[in-house]
Every structure is written in C-alpha cells, then in structure tokens.
Amino acid sequence: MSVEDDPSTEGALRVRRRPARTRAAVLVLHGGRAQSRSTARPWQLAALRMHPFLRALEAATGRDDVLLGQVRYRSRGWNGTAAEPLRDTRRALAELRGLAGDVPVVLLGHSMGGRAALRAAGADGVRGVVALAPWCPPGEPVAQLRGREVLVLHGDRDRVTDPAESVAYVSRARAAGARAGMLLVADGDHAMLRGPARWHRTATAAVAHLLAPEAAPCELFVRALAAAEPPVLHPARRAPSDPDRPQAPGPVREPGC
C-alpha cells in the first residue's frame, strides 16, 4: 500500500472542486456497512454510487463560489458506539472550516452516510441535510437538528434501510425544532438504481435550494416540509396525445423543483 492509498495518512476531506473564493460548500457522504474495520476505498461500490450525484452537483452548482467535497472514511463500517463515519465527518467539517472559513455547508449522504450527515448536522456552519435512504434506527438522536433544514428521500421498495423508520425520524426531528420533511420515492430501491434520474434531480435541486433558497426554489422541498405524510415522488407522466384533454390531479410527480 502506498502512502497515498492509506487513509490514516490523509485528511478526512477530499476536495473535488475548490473555488478561488468560497461562499458555500457541499459535502457528499457515501454509504458503508453496519460493522466493518476494513479500509474504505474510493473504488468500492458504495463510493461509486455517489458519482452521478457529484456530477449533477457540479453542473447545478457551477458558480465559482461553491466548494464541492467528499468525506473520506477511514473504515467501511459504522461499528457501533465508535460511530467512525461520524467522527470522520466531523473531521472533514473542521478541515473545511480551516480551508474555506465560516461558510454555510449542506450535507448530502446516502444510507450510512445519511446517518452520519444527520448526526453531524449540529456542527457550526451546517445549514441543512439531504439524506438519501438513510439508516435511522429507533432512538437515533435528533436534538442536533434544531434550527436545521432536512429533506429525506426514501424508496418505498427499500429492503436495506426502512422507510418507516425514516418517517418516524422526520416526525421526531420536527418535534425537536428542525424544518424536516420526507419524500417517498415510488418503486425506489436502496441502491437508487430504479429511476436513478429522479434521485439525482431531486437531491440536486434540494441541495441547490438549501444553498440559495431564493435563487433556486424547490417546490417539492417546500411541500415535503409542510406535509403531515410524505408526498410520493412518481415518475414524470408523459404528455397526452390530445393537448386539450384535461389532466386529473394526482400525487407529486417530478420534476417539481
């Protein structure tokens, strides 16, 4: 193993794009395993799964003032009370502050990375979290989300993390003072392979909204925050062949934001 390949010799922040002057930042957190001490690598599937989101974020935050980075985990697992990805995320946030100063930060995390992002949301500078199919076991703390904005996207066919636990988590986060909401992705799986464009577009629009609410309004985000039950995100409906035929109202459908 070369020194460059050893996470113990590197920082927790991997910078993908660094502007000359940073106004805000987005940190992306990939998934992992409940238990594993093996070394996390950028070519592992959990990390590769976030590459389309990174590309979408690069396009959506193309201004010269948004830093885009990733959290580098030292190991693949959460590992019980060690909560190693959370420690790595906090290290990455501290490194980001040293690099860019006190700028607002949005966290985008999937699965275990969603859990780490939600846990780390109380850190100074964090404006909000977009959590994709997050791992939110019963009893997960929510007090750190007070005053933060949170959007959870969870597939209704997820068999790895439980969408019902995400619903309960969002409810508790609201009670703790967070502006939290959830969208249920119809026919969505944990790996986000069914209808991936829905995941990419919705998550990217939500991040852009958190970075600049007035410049990038997101109708779905606003509806999710206001709804008592999670709105369902369905695939876009094809336009009818007869343009004069009225459309019946239905559930939330993309793009929407």
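Here's a quick rundown of the structure. (Residues numbered from 1 in each chain as written. Predicted model: local features only at pLDDT ≥ 70, side-chain atom pairs only at ≥ 80, totals over all residues. Heavy atoms only, no water.)

Let us look at the overall build of the protein. The helix and strand inventory of the protein stands at seven helices and eight strands. Looking at the protein residue by residue over its 257 residues, the buried ones come to 50%. Partitioning the intrachain contacts of the protein with sequence separation of at least 6 by distance along the chain shows that 70% fall at a separation of at least 24. With the model as given, the accessible surface of the protein reaches about 11700 Å², and the carbon-plus-sulfur share is 52%. (Helix = DSSP H or I, 4+ residues; strand = E, 2+ residues; numbered from the N terminus. Buried < 20%, exposed > 50% of the residue type's maximum accessible area, 1.4 Å probe, protein only. Contact = heavy atoms within 4.5 Å. Areas by Shrake-Rupley, 256 points an atom, 1.4 Å probe, with all protein chains shown as cover.)

Right, let's get into the side chain of T202. Here T202 lies in helix α6 (residues 196–211). Given a relative accessible area of 2%, T202 falls into the buried group. Filtering out sequence-adjacent residues up to four positions away, T202 remains in contact with L153, L183, L220 and L233.

Turning our eyes to something else, we now look at the side chain of N79. Its place among the elements puts N79 in the loop between β3 (66–71) and α3 (84–100). Given the relative accessible area of 5%, N79 is considered buried. In this structure N79 touches A34, Q35, S36, R37 and E84, once residues within four positions along its chain are discounted.

Turning our attention to the pairing of strand β5 (residues 126–132). Counting buried residues along β5, six of its seven residues qualify, which places the element largely inside the surrounding structure. Direction of pairing for strand β4 (residues 105–110) relative to β5: parallel, over a ladder of six bridges. Paired with V105 across the two strands is V126, which belongs to β5. Handedness of the β-α-β unit built from β4, helix α4 (residues 112–119) and β5 comes out right-handed. Across five bridges, β5 lies against strand β6 (residues 149–155) in parallel orientation. Its bridge partner being in β6, A131 is matched across the sheet by V152. (Pairing = 2+ DSSP bridges. Right-handed = clockwise from strand over helix to strand, strands pointing away.)

Now for the environment of G155. Following the sequence through the fold, G155 ends up in strand β6. Spatially, the C-alpha atom of G155 lies 4.4 Å from that of V185, the residues being 30 residues apart in sequence. Ignoring anything within four residues of it in the chain, the contact list for G155 reads P163, L184, V185, G188 and W199.

To continue, consider the packing of aromatic side chains. In the structure shown here, the tally under the stated rule is one aromatic pair. Here W78 and W135 contribute two aromatic rings whose centre-to-centre distance is 6.0 Å and whose plane-to-plane angle is 70°, an arrangement assigned as edge-to-face. Taken together, the residues W78 in the loop between β3 and α3 and W135 in the loop between β5 and β6 connect sequence positions 57 residues apart. Given the relative accessible area of 23%, W135 is considered partly exposed. (Phe/Tyr/Trp six-rings, centres within 6.5 Å; stacked < 30°, edge-to-face > 60°.)

This next bit is on the sheet that holds strand β1 (residues 13–17). Across the sheet, which stays open at both edges, the eight strands sit in the order β1-β3-β2-β4-β5-β6-β7-β8 with mixed pairing between neighbours. Looking at the sheet topology across the chains shown, the edges are occupied by β1 and β8 (232–233). Bridging between strand β2 (residues 24–29) and β3 involves five bridges; their strand directions are parallel. Counterpart to A25 in the pairing with β3 is L67. Taken strand by strand, α4 contacts β2, β4, β5 and β6, and its axis lies near 150° from that of β4. Across the sheet, helix α7 (residues 219–226) touches β6, β7 (179–185) and β8, and the angle it forms with β7 is around 110°. (Axes fitted to C-alpha atoms, helices over the stretch in contact; angles between N-to-C directions.)

Attention now goes to the packing of α3 against α4. Put simply, α3 and α4 touch, their axes get as near as 9 Å, and they point 55° apart. Put simply, α3 runs oblique to α4. For α3 against α4, the interelement crossing comes out right-handed. Contacts between α3 and α4 involve P85, L86, T89 and R90 on the former and, on the latter, M112, A116 and R119. (Parallel < 35°, antiparallel > 145°, perpendicular 65-115°, else oblique. Left-handed = near helix turned anticlockwise from the far one by under 90°.)

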